[in-house]
Structure formats: structure tokens, C-alpha cells
Number of protein chains: 4
Amino acid sequence: MIDSRKPVFLVIGAGAGIGGNAAMRFAAGGYHAVMARRSDEAGLARMVEEIEAAGGSASGTLLNAAEDGAIEELVERTERDIGPIHAALYNLGAQIGNRALDQTPHRIFELGWRLGTYGVFRLAHALFPAMVERAKTGPHGTLLVTSATAAMRGNAGQHSHAAAMGGRRMLCQTLNAEFAPKGVHVAHVVVDGAVDAPDTLGKLLGDKFEAFKANKGADGVIDPAMLADTYWHLAHQPRNCWTHEIDVRPWTDVAWWNDNPNPEINAAGKGFAGPKD
Amino acid sequence: MIDSRKPVFLVIGAGAGIGGNAAMRFAAGGYHAVMARRSDEAGLARMVEEIEAAGGSASGTLLNAAEDGAIEELVERTERDIGPIHAALYNLGAQIGNRALDQTPHRIFELGWRLGTYGVFRLAHALFPAMVERAKTGPHGTLLVTSATAAMRGNAGQHSHAAAMGGRRMLCQTLNAEFAPKGVHVAHVVVDGAVDAPDTLGKLLGDKFEAFKANKGADGVIDPAMLADTYWHLAHQPRNCWTHEIDVRPWTDVAWWNDNPNPEINAAGKGFAGPKD
Amino acid sequence: MIDSRKPVFLVIGAGAGIGGNAAMRFAAGGYHAVMARRSDEAGLARMVEEIEAAGGSASGTLLNAAEDGAIEELVERTERDIGPIHAALYNLGAQIGNRALDQTPHRIFELGWRLGTYGVFRLAHALFPAMVERAKTGPHGTLLVTSATAAMRGNAGQHSHAAAMGGRRMLCQTLNAEFAPKGVHVAHVVVDGAVDAPDTLGKLLGDKFEAFKANKGADGVIDPAMLADTYWHLAHQPRNCWTHEIDVRPWTDVAWWNDNPNPEINAAGKGFAGPKD
Amino acid sequence: MIDSRKPVFLVIGAGAGIGGNAAMRFAAGGYHAVMARRSDEAGLARMVEEIEAAGGSASGTLLNAAEDGAIEELVERTERDIGPIHAALYNLGAQIGNRALDQTPHRIFELGWRLGTYGVFRLAHALFPAMVERAKTGPHGTLLVTSATAAMRGNAGQHSHAAAMGGRRMLCQTLNAEFAPKGVHVAHVVVDGAVDAPDTLGKLLGDKFEAFKANKGADGVIDPAMLADTYWHLAHQPRNCWTHEIDVRPWTDVAWWNDNPNPEINAAGKGFAGPKD
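Owing to the predicted nature of the structure, the values given are computational and were not obtained by experimental measurement.

Quick notes on the rules
Residues numbered from 1 in each chain as written. Chains lettered and ligands numbered in written order. Predicted model: local features only at pLDDT ≥ 70, side-chain atom pairs only at ≥ 80, totals over all residues. Heavy atoms only, no water. Least-squares fit on C-alpha atoms with pLDDT ≥ 70 in both. Contact = heavy atoms within 4.5 Å. Helix = DSSP H or I, 4+ residues; strand = E, 2+ residues; numbered from the N terminus. Polar contact = N/O pair within 3.5 Å; in protein donor to acceptor, adjacent residues only side chain to side chain. Phe/Tyr/Trp six-rings, centres within 6.5 Å; stacked < 30°, edge-to-face > 60°. Buried < 20%, exposed > 50% of the residue type's maximum accessible area, 1.4 Å probe, protein only. Lys NZ or Arg CZ within 6 Å of the ring centre and 35° of its normal. Expected span 1.5 Å × (residues − 1). Arc of directions from axis to C-beta. Buried area = accessible area lost by both parts, 1.4 Å probe. Salt bridge = Lys/Arg side-chain N within 4 Å of Asp/Glu carboxyl O. Nonpolar A, V, L, I, M, F, W, Y, C, P; charged D, E, K, R; others polar. pLDDT = per-residue confidence, 0-100.

**Student:** Just checking my understanding: could you explain the relation of the copies chain A and chain B for this structure?
**Tutor:** The operation relating the two chain copies consists of a rotation about an axis and a shift along that axis. Between chain A and chain B, the superposition needs a rotation of 180 degrees and an axial shift of 0.0 Å, giving an RMSD of 0.0 Å. What the rotation and shift describe, once combined, is the action of a two-fold rotation axis. Among all residues of chain A, the minimum C-alpha distance to the rotation axis is found for A:I246, at 2.3 Å. A symmetric contact is evident, with 100% of the interface residues of chain A recurring at the interface of chain B.

**Student:** It is not clear to me how the side chain of B:E178 should be interpreted in this structure. Could you clarify?
**Tutor:** In this structure, B:E178 sits in helix α5 (residues 159-179). Engagement of the side chain of B:E178 in a polar contact is seen with the backbone nitrogen of D:L101, the distance being 3.0 Å. Discounting chain neighbours no more than four positions away, the residues touching B:E178 are D:R99, D:A100, D:L101, D:A156, D:G157 and D:H159.

**Student:** Please explain the packing of aromatic side chains as it appears in this structure.
**Tutor:** Ring pairs (aromatic) are described by centroid distance and by the angle formed between their planes. What the rule picks out here adds up to 52 aromatic pairs over all chains. Their ring planes at 85 degrees and their centres at 5.8 Å tell us that A:Y31 and A:W232 sit as a pair that is edge-to-face. Here A:Y31 is found in the loop between α1 (18-28) and β2 (32-37), whereas its partner A:W232 is found in helix α8 (residues 224-235), with 201 residues between them in sequence. Across the pair, A:W232 and A:Y31 agree in class, each one buried. Aromatic pair B:F121 and D:F109: ring centres 3.9 Å apart, planes at 10 degrees, arrangement stacked. Here B:F121, found in helix α4 (residues 106-135), pairs with D:F109, found in helix α4 (residues 106-135), and the two come from separate chains. You'll find B:F121 and D:F109 in the same group, each marked buried. Through pairs of rings, three or more aromatic residues link up here, namely A:F109, A:W113, A:Y118, A:F121, C:F109, C:W113, C:Y118 and C:F121. The ring of A:F209 has A:K213 sitting right over it, with the charged end atom 4.4 Å from the ring centre.

**Student:** Please clarify how helix α2 (residues 41-53) of chain B should be interpreted in this entry.
**Tutor:** Residues spaced three or four apart along an α-helix point in a common direction, a consequence of the helix completing one turn every 3.6 residues. Residues and elements named next belong to chain B. With 13 residues, α2 extends 18 Å from end C-alpha to end C-alpha; this agrees with the ideal 18 Å at 1.5 Å per step. All of the buried residues along α2 are G43, L44, M47, V48 and I51. One side of α2 holds all its buried residues, which, seen down the axis, span an arc of 140 degrees. Exposed residues lying more than 90 degrees from the buried face of α2 are R46, E49 and A53. In the core, the buried residues of α2 are packed alongside α1 (18-28), β2 (32-37) and β3 (57-62).

**Student:** Would you mind going over the interface of chain A and chain B with me for this structure?
**Tutor:** Interfaces are often sized by the amount of accessible area the parts lose when they come together. At the junction of the two partners, chain A supplies 36 residues and chain B supplies 36 residues. Between chain A and chain B, a total of about 2,900 Å² is buried, with carbon and sulfur atoms accounting for 54% of that surface. Considering only the side of chain A, the residues that lose the most area to chain B are A:R239, A:N240 and A:W251, jointly responsible for 28% of the buried surface there. Where chain A packs against chain B, one counts two salt bridges. A salt bridge links B:D219 to A:R239, with the nearest nitrogen and oxygen atoms 2.6 Å apart. Summed over the shared surface of chain A and chain B, the result is 20 residue pairs in polar contact (both at pLDDT 80 or more). At the level of secondary structure, the elements contributing two or more residues to the side of chain A that touches chain B comprise α5 (159-179), α8 and β7 (245-248) of chain A. For the side of chain A that touches chain B, the element with the highest residue contribution is α8(A), accounting for five residues. Of the residues assigned to the side of chain A that touches chain B, the class counts are 17 nonpolar, 11 polar and eight charged.

**Student:** I tried to follow the pattern of salt bridges on my own but got confused; where do I start?
**Tutor:** It is possible for side chains of opposite charge to pair when their charged atoms get near one another. Inspection of the entire model under this criterion finds 76 salt bridges over all chains. For D:R80, the salt bridge is made with D:E76, and the minimal N-O distance between the two is 2.9 Å. Linking D:R80 with D:E76, this pair stays in helix α3 (residues 70-81), spanning four residues, or about one helical turn. Residues joined in a network through salt bridges with shared partners are A:E110, A:R114, C:E110 and C:R114.

**Student:** Looking at this structure, I do not really get the confidence of the model for chain A. What am I missing?
**Tutor:** Residues shown with low pLDDT carry predicted positions that ought not to be read at fine detail. Residues and elements named next belong to chain A. The pLDDT averaged across chain A works out to 92; a share of 92% of its residues lies at or above 70. Scored below 50 in pLDDT, residues 260-277 makes 78 contacts in the model with residues more than four places away or belonging to other chains. The ipTM assigned to the predicted complex is 0.93, against a pTM of 0.95.

Listed below in C-alpha cells is the structure:
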């Protein structure tokens with residue numbers, strides 16, 4: 001059911017993890033959530049029902065974001081049939097696990113770019129003109145972009161993912177430079193830890209998922225329902241104090257810029273500048 | 001008036017800008033705010049009154065943070081006389097405006113370090129053992145650290161300030177690495193824009209302050225009362241999704257990593273990699 | 001003329017700027033330089049002649065690096081017909097000048113990726129297996145990658161270029177993580193200033209090029225013949241002290257991380273943390 | 001023996017690792033090397049003899065760089081008695097091994113700052129005016145600064161070291177911003193690996209040093225005699241293409257921005273952005 005008096009929150013990549021939970025949070029806050037994902041129409045319908053059961057408003061649609069025109073058509077259709085998109089979340093990843101270079105085929109590398117970088121460009125291209133227009137007299141627009149550790153540094157086996165996410169980050173900074181002063185808030189969220197997301201990490205790990213989480217200890221994995229509050233906060237910062245980049249990780253996780261904190265290794269090696277007397 | 005059943009929020013650097021407004025926000029949220037600043041006892045009293053008038057609980061104290069033992073004594077006294085400090089904000093800056101190297105005396109450079117870097121170390125030294133102890137069975141502790149553009153990059157005239165803030169940032173990362181898994185959340189807030197702070201920027205600019213703000217345009221200067229919501233959000237993220245670093249700036253401000261966006265200059269110079277055919 | 005007893009230095013993007021001058025420098029140092037560029041067969045022939053006149057060995061070939069298979073074919077042909085590629089330089093840029101998002105068509109954005117990111121992936125895919133094999137018993141291999149300011153931060157109008165270069169940088173870090181311990185040195189060179197390159201910047205600026213350089217003052221533009229010494233140095237660092245990333249710029253240029261150093265603007269704004277007493 | 005017709009290369013922190021080897025390299029290249037270190041007069045004399053035996057020119061002096069006025073006096077004395085300092089190397093570290101916060105006394109933290117940050121400030125204060133003056137009509141001046149992984153990110157146990165090195169890095173950027181256009185080249189060298197330095201790492205590890213190096217494998221530890229070539233290269237880049245920051249590490253070392261490259265850990269955790277379909 002669509003309540004067209006509500007502002008629209010569009011989620012591209014609305015699985016049962018960050019995307020779906022962000023939709024739920026924004027619906028609870030008064031938005032109509034439009035959830036798009038590649039597959040699992042039943043899962044999508046369940047999420048719509050869950051949001052409506054909680055008194056919110058939502059709708060879902062299947063979307064192959066890698067296909068030319070698909071994102072553009074979704075934006076156009078949403079604005080026309082539902083209402084103005086006041087906030088959007090680009091939540092597609094491009095993680096394929098670690099693969100050595102010779103196990104990373106060219107078409108995989110290209111697909112990484114299509115989902116990881118190009119899709120953000122296409123969404124901005126389709127969405128920002130209307131947001132800019134609306135910001136002249138009304139509220140500002142927001143584009144939240146879920147990003148990953150690989151946007152900050154490449155690592156072994158991350159050829160496709162890191163290239164895609166590095167492009168994503170620099171693109172977000174470029175979008176911010178052009179569009180912030182025109183009233184569009186772009187926020188790049190560096191998710192630097194494992195997420196309790198059954199549709200992605202869960203599928204990747206399969207039956208090892210529960211053991212993985214247990215091994216992380218209490219609150220050792222990001223709960224996407226709680227992370228959704230940070231997304232909500234970002235989308236509602238007044239324009240005098242916008243955040244462009246933020247990192248999140250569980251308390252027990254080592255931050256991406258830290259290597260093995262083993263004292264013996266470190267004291268003897270990294271960080272040792274040279275002769276000092 | 002002290003309500004000792006409330007958790008304590010300690011602010012070091014509680015002027016009428018970020019520090020005072022954070023105190024107000026946390027008091028509104030149920031904390032007893034302990035506000036410390038170097039001078040202006042009357043201003044301090046007014047802030048306490050304002051918080052109490054709004055139904056909150058607060059107390060104030062003068063503090064010379066550059067003095068050995070002062071921060072330690074304040075922490076000890078607060079924990080003993082008022083209650084456990086559940087969250088603290090280190091909000092002392094070390095900005096002295098731009099000064100060429102030969103206009104930056106050695107004692108100024110050292111004072112910059114004392115306020116900018118050493119004070120954070122001393123606060124953590126005095127405060128974290130109790131926070132760690134309490135986190136074993138109760139809620140986690142939080143240290144918010146207001147930081148500046150100069151923590152991210154040095155710039156002409158910022159010898160003292162950038163060295164102090166660069167030290168601050170690396171120290172915060174070190175504190176995070178040791179204490180996050182022990183239940184203390186350290187968040188480094190990069191304030192990358194001018195703040196509407198009469199006690200600091202206002203004094204620095206004097207009678208040009210109003211013209212400066214007007215020139216920035218609508219919402220062109222950070223409103224510390226609104227920024228306080230971001231501080232509040234950070235301090236209350238559940239431990240499965242803590243933020244360590246976040247930036248904030250007004251929508252119309254150029255981010256620190258962007259130089260002059262003049263198209264002609266840029267097209268011709270920066271970013272031009274070299275022969276491409 | 002090909003001297004097949006020499007190690008080969010392959011340059012992809014061998015115009016009259018960084019690429020051609022690097023070829024000249026490596027030829028002077030005893031390599032056979034293979035220079036590939038998209039067009040201007042006459043210019044290519046002149047560079048070969050110039051190198052041979054100086055007593056060096058070189059050959060040239062036209063290459064459309066955006067075409068599938070072209071880089072792979074060049075690597076295969078070079079190794080088969082000339083000799084083992086001991087060092088390579090990827091010198092293709094993707095700069096198109098500053099363009100607003102709505103002036104950046106989708107095909108341009110994709111082409112930026114093809115030249116800026118994907119080409120590096122394809123070169124590594126084609127070249128590294130042989131380098132790894134040779135490093136087991138012989139000298140290590142080297143991949144030098146010319147990069148740009150836009151690899152470090154996005155800026156207004158750089159949608160295509162920054163996304164491409166950001167992907168390039170993260171890819172280089174990923175390649176380094178996998179291949180450094182296998183004997184391939186990947187070095188990412190951040191060229192953070194204008195280069196005296198007639199084939200690229202010269203063409204972009206047209207008849208304003210000379211005035212642009214004059215306006216930069218003495219040594220205000222990078223001389224690619226001199227920069228070539230830094231490329232040479234990087235390629236010959238012993239494997240106990242490899243550099244992965246280095247920046248270069250003229251002495252009079254403002255570094256990318258510095259904005260306008262105007263004292264008044266800075267003192268009043270950026271870097272001002274907040275209330276400090 | 002002092003050859004006053006030679007340009008002077010001043011090394012602060014001239015032990016048997018990076019400092020001493022840089023002195024040897026610059027002496028071989030035609031400089032008179034002035035080597036200062038805190039202790040071990042005999043070791044200093046041996047290095048002078050070694051340089052002279054190789055046909056170079058050098059002198060040594062003991063220096064407590066943490067003492068007020070000591071660096072200033074050394075600069076003044078060198079310029080007066082020996083000759084103009086054309087290049088200097090600040091090579092003092094502040095590494096004390098990993099120590100938890102409660103094992104890091106306040107005086108150690110302050111000493112870290114004195115050696116790690118303040119000494120660079122004091123050297124620049126004392127040295128740059130003469131360098132700027134000379135650069136107006138003659139060759140540019142150079143300040144090389146050996147730095148460490150801890151300048152890039154804090155890590156557990158590095159409270160003192162990271163704060164000191166973070167301050168150092170931001171100070172170097174500030175010095176660069178003011179002095180590059182005045183003809184002083186400041187280069188910040190991030191040594192991101194263990195150095196075969198008997199006076200520092202050797203003393204720290206004691207009788208485990210040889211086993212540590214053996215365990216690192218062939219070329220697994222930086223050879224300071226070879227790294228000295230990179231220092232030499234930096235100091236002699238022409239001013240149209242100066243490097244401000246460069247990293248170095250052994251080929252087998254994991255870069256500071258990479259954590260454990262264990263595929264299983266990574267695939268499951270870090271870098272995993274969230275739901276993607």
C-alpha cells in the first residue's frame with residue numbers, strides 16, 4: 001500500500017541485512033520505503049508485510065541493477081507513481097570473497113565495477129536533478145552509500161572489490177563536491193566489520209555462518225537493525241553540519257588501519273623508524 | 001544541583017559553542033553535565049542555570065587543563081563527589097590562527113601540544129581504568145574528542161595546531177585499538193568547518209564575526225546546538241556498530257580534501273596524469 | 001632495431017610527456033623500450049629515432065588499450081618477439097577536464113574506467129604470471145603506474161576521472177598485496193601537478209598552453225624528462241626497500257590536501273575546533 | 001677532517017642504521033656529513049673513519065636532542081664552523097616498544113613528543129631561514145624526515161609513539177606548505193618495516209635480533225645502506241618534481257593498511273558491505 005503523502009526512501013539492494021533494516025527504520029520514521037533487490041520476490045513481500053504490520057508504508061520491486069536503464073527506469077517510475085524520493089540508499093556490494101588475480105576473470109572484474117561504481121553514478125545521474133530542483137525551495141535530498149573496508153585500501157584477493165569500492169569512494173567525494181552546495185547530502189558509510197546479513201554474508205558462509213557469529217562473541221557482528229539508526233541520523237543532519245564519511249565496526253573488531261596487534265611483532269618491526277641515538 | 005543517580009557527562013572545554021551545547025544535549029537526555037572551562041565563571045554559571053531551567057542537571061568548574069594534575073584531579077573529584085563518568089567530551093582546541101614558522105614561538109608550539117595532544121592522553125589515563133572496570137558488568141564508556149581539519153593535513157601557518165591535532169588523531173586511534181575491546185568507545189570528530197562559537201571563533205574574529213557568518217550564507221556555519229545531536233548519537237551507538245571517525249561541515253563548505261573547484265584551474269593542472277595516447 | 005639481449009621496458013601510453021621520457025630514460029639505462037600509444041605513428045617513430053640516436057634501443061606500436069584483447073596481445077607479442085618484460089609503465093590517463101555530472105555521459109564514464117582501471121587489471125593479468133615465474137630464480141618484475149591527484153580525492157567535475165583513478169589506486173594496493181611477496185614491485189605514482197606534456201595537457205589547453213606554463217613561473221610545471229629519474233629510481237629499488245606510493249609536484253604547487261592558504265579564510269574557518277576555554 | 005668547500009649534510013640521529021648509512025651515501029656523493037647522536041662517541045668516531053677511509057669527508061658530535069637549545073646550537077655551530085647546511089636528515093625515533101596505556105608514564109609520553117615532534121619543529125626553526133635565504137640565488141635546501149608506520153595510524157600500545165609521529169607528519173605537511181615555495185624541500189619518509197639497525201632495533205631485540213632477521217627471510221629486513229639511495233634520490237629531485245611523502249618496506253612485508261590476508265577471515269568479514277541482491 002502506498003501512502004503518497006509520505007516522502008519516499010528508495011533502497012537499492014534491499015536484502016535482509018542493511019538494506020531491509022534501513023527501509024524498516026525509515027518507514028518507522030514516516031517515509032514510504034521502496035525496496036529494490038535482484039531476486040527473492042517472496043523475501044521482498046515479507047519485508048513489505050513486516051513494515052506494514054508495524055504501521056509503516058512500503059513497496060518492493062525486483063531490479064537487476066547491472067542492466068542498462070534499470071536504475072533509471074526505477075527512479076522515473078517511483079517519482080511518477082509513488083512520490084518524490086527524498087532519500088535514497090545505494091546498498092549494492094560487489095564482494096565475491098578473496099580470489100587471487102588468476103581466479104578473477106575479466107567479466108567478474110567488470111561486473112564488480114557495474115555494481116560497485118557505475119550503479120552509484122547512474123543513480124545519481126537519474127535522481128539528483130530532481131533533488132536539486134526540490135532543494136531550491138524545500139528540504140534537501142540525501143544519498144546514503146553503504147561502502148566497505150575495500151574502499152579505503154586494497155588487500156590480497158580483493159582485485160575486483162577494491163577497485164570497485166575505491167571508485168565508489170572517489171565518486172562519492174566528487175558527487176559531494178558538486179552537489180552538497182546544491183542541496184544534496186551524499187554520505188559514504190564505511191562498514192568495516194561483518195554484518196549479520198543472512199542474504200549476503202549468510203549465503204557466503206553457508207552453514208558456517210552461526211559458528212562464525214558465535215566465534216565473534218557478544219555483539220561481535222554488526223546488527224543491521226541497530227546500524228539503521230546511524231543511517232537515519234545521517235539522513236537527518238541539518239545542512240549546517242553534514243557528515244560525508246563515517247566508519248562503523250563492532251567494538252571487538254580491529255580497525256582496518258591496524259594490523260596484528262601482537263606486541264612482540266609490532267615492537268620489533270612496524271613503526272620502528274630507525275636509529276635514534 | 002547534583003542528581004547523583006544520573007550518569008555523568010564530563011565536558012573539558014565547555015564554552016558557549018560545541019562544549020556547552022553538548023552539555024545541554026546530554027543533560028536533556030538524562031545525564032548530569034559537568035562543565036569545565038578555563039575562565040569566565042559567570043558564563044559557566046549561566047550555562048548551568050540554562051540547563052537547570054530546562055529541567056536538566058549540571059555543574060561547572062574552572063580548569064586550567066594545561067596545568068599538571070588538573071585534569072586528573074577533576075576526574076577524581078567528579079567520580080567521588082558526583083558519580084561515575086559514563087561519557088566525556090574533550091573539546092579543547094589549540095587553534096591560534098595562521099602564523100608563519102618564525103611567528104610561532106617554541107612555548108606556543110608546546111602549549112599547542114599540551115592542550116591538543118597531551119590533555120587527551122591525561123584524560124584517558126585518569127578516566128579509562130574506571131570505565132573499563134564498569135564495562136565488565138555495566139554500560140560501556142565513551143570518550144568523544146572534538147577535532148579539526150588540521151588533524152587530517154597540515155597547512156601553511158598551522159605548525160602548532162596541525163602538529164597538536166595530528167598527534168591527537170593518532171592517539172585516538174591508539175586508544176581505540178587498546179580500549180574498544182575493553183568497552184570504551186573513542187570517537188574522533190573532525191569538525192571541518194567554522195562553528196558559530198562566540199567564545200572562540202567569535203573572540204578570534206571580534207567585530208568581524210557577524211559579517212563572517214553573514215557572508216557564509218544560510219546555514220553556512222555549524223550550529224553547535226545541532227551538531228550536539230551527532231555527538232549524542234555517537235555516544236549512544238550500541239557496541240556492535242561503533243563509529244571511530246566522522247567528519248562534519250556545512251553544506252556550502254568545500255571539504256578539506258578539495259582545493260579550489262575552479263574548473264579552469266583544475267582542468268589544466270591537478271589531476272592530470274600525463275600522456276594518454 | 002631490437003636488441004634482444006636487453007631487458008624490456010614496456011610503456012603503455014607513450015606520448016611525448018611522462019611515457020616517452022620514461023622510455024628514453026630506461027633505454028639510456030640499458031633497456032629495450034617498447035612504446036605503445038593510441039595514435040600518431042609519426043610521433044612514435046620520431047621517439048624511436050631519438051632513442052636510437054642516443055645509442056639506445058626501442059620500438060613502437062599503435063595500441064587501442066580500450067579494446068578487448070589489445071593489451072594482452074601486446075604483452076604476448078612483446079615477450080615472444082622481443083624479450084622478457086622486466087619493467088612496465090601503465091601511463092594511460094582518463095582526464096577529460098572538469099565536467100558537471102549532467103555533462104558526463106554514461107559512455108564517457110565507462111571509457112574512463114576502461115582506460116583508468118580496467119587496463120591496469122588487464123595488464124597485470126597478462127604480465128604478472130611471467131614476472132612471478134622469472135622472479136623465482138632471477139630479477140624481480142616492476143609495474144609502475146602513473147596516477148593522479150584524483151586517485152586521492154574526488155573533486156567537482158571529476159566524476160569519471162576520480163572514479164577511475166580511485167579504482168586504480170585500490171587495485172594497485174591489491175596487486176601489491178598479492179604480488180610483492182611473489183617478486184613483483186607495483187609502484188603507484190601520484191602526479192599531483194601539471195606536466196609539460198604536449199600530447200595531453202598541451203592538446204587540452206591548446207594555444208593557452210604556453211601562457212599557462214609561463215604563469216606557473218620557473219620550474220612551475222613538471223618536466224617529464226626529470227620525473228623519469230624518479231621512475232627509474234623506483235624500478236631499481238632493491239626488494240628489501242620497495243616504495244609502493246610516492247607523490248610528486250612542483251615546488252610552487254599547493255599539495256592536494258591543502259586548500260586555499262589565505263590566512264584570513266583559514267584562521268576563521270577550517271581547522272577551528274570549537275570552544276577551548 | 002673538514003672540507004669546507006663541500007655542501008654540508010647534517011644528520012640528527014646518526015646511529016649505525018639509517019642515519020649513519022645516509023651520512024655515508026651523502027659523503028660519497030660529495031657532501032661533508034655532520035653526524036650527531038646522543039651517545040657512543042666511539043661508534044661515532046668509527047663512522048667518521050669509515051667515511052674518510054672511503055675518501056669522504058665527515059665529522060661527528062654528541063647531541064641530546066631533547067635538551068632545550070641543543071639542536072639550535074648544533075645548527076649555528078655547523079653553519080659557522082663548517083659550512084652551509086644544504087641538506088639535513090631528522091632521524092630520531094620515539095619508539096619504545098608496545099606499552100599499554102597504564103604502562104606509559106606521562107614523562108615517557110612527553111619525551112616521545114620532544115624527540116618525535118618538537119625536535120623537527122626546532123630544527124626547522126633554526127635551519128630554514130638560512131636555507132630560504134640561500135635558495136633565493138642558489139640551490140634549494142632539503143629536510144629529510146625519517147618517519148614510521150605510526151605516523152599513518154595509531155595501534156595498540158603505541159600511545160606515545162603514534163602521537164609523536166602523527167604530530168611529526170602533520171608538522172611536515174605544514175612546513176612543506178610554507179617552505180616549498182620558498183625553496184626548501186621537506187620529504188616525509190614512512191619506513192613501514194623493520195630496519196637492520198643494530199643501534200636501535202638490535203638493542204631492543206637483543207639476542208633475538210639475529211633470529212628475528214633470519215625469520216624474515218631473504219631481503220626481509222630493510223638494509224639501511226640501500227635505503228640511503230632513496231634518501232639521496234629524494235634530496236636531489238629537481239624542484240619541478242619534488243616528492244613530499246614516500247613509503248618503503250621489504251617485499252615480503254604486509255603494508256600497514258593491510259590486515260591479515262587470510263582469505264577465510266577476510267571473505268567472511270572485513271570488506272563485506274552488506275546485502276547485495
